[in-house]
Amino acid sequence: MFGLIGHSTSFEEARAKARSLGFDEFADGDLDMWCSAPPQLVEHVEVTSRTGKVIKGAYIDSVFVPEMLRRFKTAKRKVLKAMELVQRSGIDITALGGFTSIIFEDLNLLREERISAVQLDWQRFTTGNTHTAWVICQQVERNAPKLGIDLARAKVAVVGASGDIGSAVCRWLQRTGVGELLLVARRPQPLVALQESLGEGRILPLEEALPEADVVVWVASLPQSLTIDTDSLKRPCLMIDGGYPKNLDTKAAAAGIHVLKGGIVEFWQDIGWQMMELAEMAVPERQMFACFAEAMLLDFEDIHTNFSWGRNNINLAAMDLIGEASLRHGFKSLGLEPASSSSPALSIA
Ligand code: NDP
């Protein structure tokens, strides 16, 4: 059995969802009330692979909202309590979605093994970042040529290059062979370490990298205040919006700038679930975050272990393995072409 731990994208949206589900006391509650609310197992689901294999899963809402990010103790408790509920529910492998994996790493929750009477078993959890990194690389490799961008000569800026997903994307694109990797993040030291381990890549501040880049992979949570001078960008420019929340479509809206929601996959058939409506997917019946799909893939493959864990541990062999499983079981990376159901992937041409 697989599990997905998620959360709403905002407090306002969470309250609206609570109202629609008939939880009026939550819908009327203030942020303090939500801070003390326990996690909820909101949905059970059954998923059939393209191979015919059937697995069962559950969606656990951590009752965390991004407005709680600065309340460190609350954020920590929300994630750990959701993990405890997963374990009590007997779920074999669970993805930490949205901000929950970042809270886990940033607040070093590995130290917190015991919650109430439950000894947390880390083997039952995955960040899902290996599959996310693989999907983002597929999105670069499949969509750049459609825009006439020759990757072998292209400059690819990775914003968040020193992060868990960003460093994996750099290693993969190095193997693929791109013109030049432009490495962007705020702290120089981790970027230098990455550059040394790659033996290539140019470290640049964001404002210098963007005008040079044919492709920009965003794998950092960006501040709402960030603005992009679209006039200075190359045409065409492919932008993969792999961070969370996904907000580049408004920041980089201009002719010739093609923004694609990064790290999103589409399943080969509809799944009878409600949970992705919360995440504002274009086709919520079959689209989801690649990190969630990783938990399903691990369950389909009977790999009940923390496949993606810790920071900067993702290797190419693991990306190859999860990528092959992804294709075999019927997942497809979101592309610039219209999605299979009603709404198109985001494209600003
Ligand atoms: P990490 O914390 O490991 O890495 C974040 C990276 O972003 C670091 O290199 C960090 O370096 C950099 N960064 C952070 N803020 C900024 C900024 N303002 N400007 C430039 N660089 C910045 O995170 P992950 O690799 O685990 O995740 C990366 C992003 O992907 C997150 O936003 C996460 O929510 C999202 N994600 C999306 C998924 C999906 O869509 N399917 C699934 C999983 C994660 P420094 O601190 O030095 O700036």
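**Remarks on unusual backbone geometry**
Then, number 1: Of note, the bond from arginine 235 into proline 236 is cis; its omega dihedral lies within 30 degrees of zero at -5°.
Then, number 2: With respect to the secondary-structure elements, proline 236 resides in the loop between β11 (215-218) and β12 (237-241).
Then, number 3: Unusually for a residue other than glycine, asparagine 108 sits at a positive phi of about 50°.
Then, number 4: Looking at where asparagine 108 falls in the secondary structure, it is placed in the loop between α5 (100-106) and β5 (114-115).

**Side note on the packing of helix α6 (residues 129-143) against helix α13 (residues 316-329)**
Then, number 1: Closest axis-to-axis distance for the α6/α13 pair is 9 Å, and the angle between their directions is 75°. When the interaxial angle is binned, α6 and α13 end up roughly perpendicular. Between α6 and α13, the residues in contact are Thr130, His131, Ala133, Trp134, Cys137 and Arg142 and Ala318, Met319, Ile322, Gly323, Ser326 and Leu327, respectively.
Then, number 2: Among the residues making up the contact of α6 with α13, the classes are represented as seven nonpolar, four polar and one charged.

**What about the domain arrangement of the protein chain?**
Then, number 1: Domain annotation of the protein chain identifies domain 1 (2-126) and domain 2 (133-264).
Then, number 2: Each of domain 1 and domain 2 has a C-alpha centre, and these two points are 29 Å apart.

**Let's talk about the nonpolar core**
Across soluble globular proteins, you tend to see nonpolar side chains buried next to one another.
Then, number 1: By size, the foremost hydrophobic cluster in this structure holds 102 residues, and its most contacted members are Met83, Val217, Met288 and Met296.
Then, number 2: Ranked by residue count, the leading element in this core is helix α12 (residues 290-300), at nine residues.
Then, number 3: Two domains share this core, each providing at least three of its residues, namely domain 1 (2-126) and domain 2 (133-264).
Then, number 4: Residues in contact with methionine 288, not counting those within four places in the same chain, are Gly263, Ile264, Val265, Phe267, Ile271, Trp273, Met276, Met281, Ala293, Met296 and Phe331.
Then, number 5: Leu206, Leu210, Ala213 and Leu226 belong to the second largest nonpolar core, which has 22 residues in total.

**Re the sheet that holds strand β7 (residues 125-126)**
Then, number 1: In spatial order, the strands read β2-β3-β1-β4-β7; together these five strands make up an open sheet with mixed pairing. If you trace the sheet from one side to the other, it starts and ends with β2 (40-48) and β7, each paired once.
Then, number 2: Note that strand β4 (residues 93-96) and β7 share two bridges and pair parallel. Its bridge partner lying in β7, alanine 95 is registered against threonine 126.

**A look at the environment of serine 225**
Then, number 1: Secondary-structure assignment places serine 225 in the loop between β11 and β12.
Then, number 2: Each C-alpha atom of the pair serine 225 and threonine 9 lies 17 Å from the other, and the pair is 216 residues apart in sequence.

**What to know about the site of the ligand**
Then, number 1: Ser162, Arg186, Ser221, Gly263 and Arg311 are the nearest of the 25 residues found near the ligand.
Then, number 2: Serine 162 is positioned with one of its side-chain polar atoms (N or O) 2.8 Å from an oxygen atom of the ligand.
Then, number 3: In this structure, an oxygen atom belonging to the ligand sits 2.7 Å away from a side-chain N or O atom of arginine 186.
Then, number 4: Protein burial of the ligand: of its 920 Å² of free accessible surface, 90% is covered by the chains.
Then, number 5: Breaking the shell around the ligand down by element, the ones donating at least two residues are α6, α7 (164-176) and α12.

**Side note on helix α4 (residues 72-88)**
Because each turn of an α-helix spans 3.6 residues, side chains separated by three or four positions in sequence point in the same direction.
Then, number 1: In a regular helix each residue adds 1.5 Å, so 17 residues correspond to 24 Å; α4 covers 24 Å between its end C-alpha atoms and thus fits that length.
Then, number 2: Those residues of α4 lying buried are Thr74, Ala75, Lys78, Val79, Leu80, Ala82, Met83, Glu84, Val86 and Gln87.

Rules and cut-offs
Residues numbered from 1 in each chain as written. Predicted model: local features only at pLDDT ≥ 70, side-chain atom pairs only at ≥ 80, totals over all residues. Heavy atoms only, no water. Helix = DSSP H or I, 4+ residues; strand = E, 2+ residues; numbered from the N terminus. Axes fitted to C-alpha atoms, helices over the stretch in contact; angles between N-to-C directions. Parallel < 35°, antiparallel > 145°, perpendicular 65-115°, else oblique. Contact = heavy atoms within 4.5 Å. Nonpolar A, V, L, I, M, F, W, Y, C, P; charged D, E, K, R; others polar. Domains from an automatic or database assignment. Core = buried A, V, L, I, M, F, W, Y, C linked by side-chain atoms within 4.5 Å. Buried < 20%, exposed > 50% of the residue type's maximum accessible area, 1.4 Å probe, protein only. Pairing = 2+ DSSP bridges. Near = heavy atom within 4 Å. Polar contact = N/O pair within 3.5 Å; in protein donor to acceptor, adjacent residues only side chain to side chain. Areas by Shrake-Rupley, 256 points an atom, 1.4 Å probe, with all protein chains shown as cover. Expected span 1.5 Å × (residues − 1).

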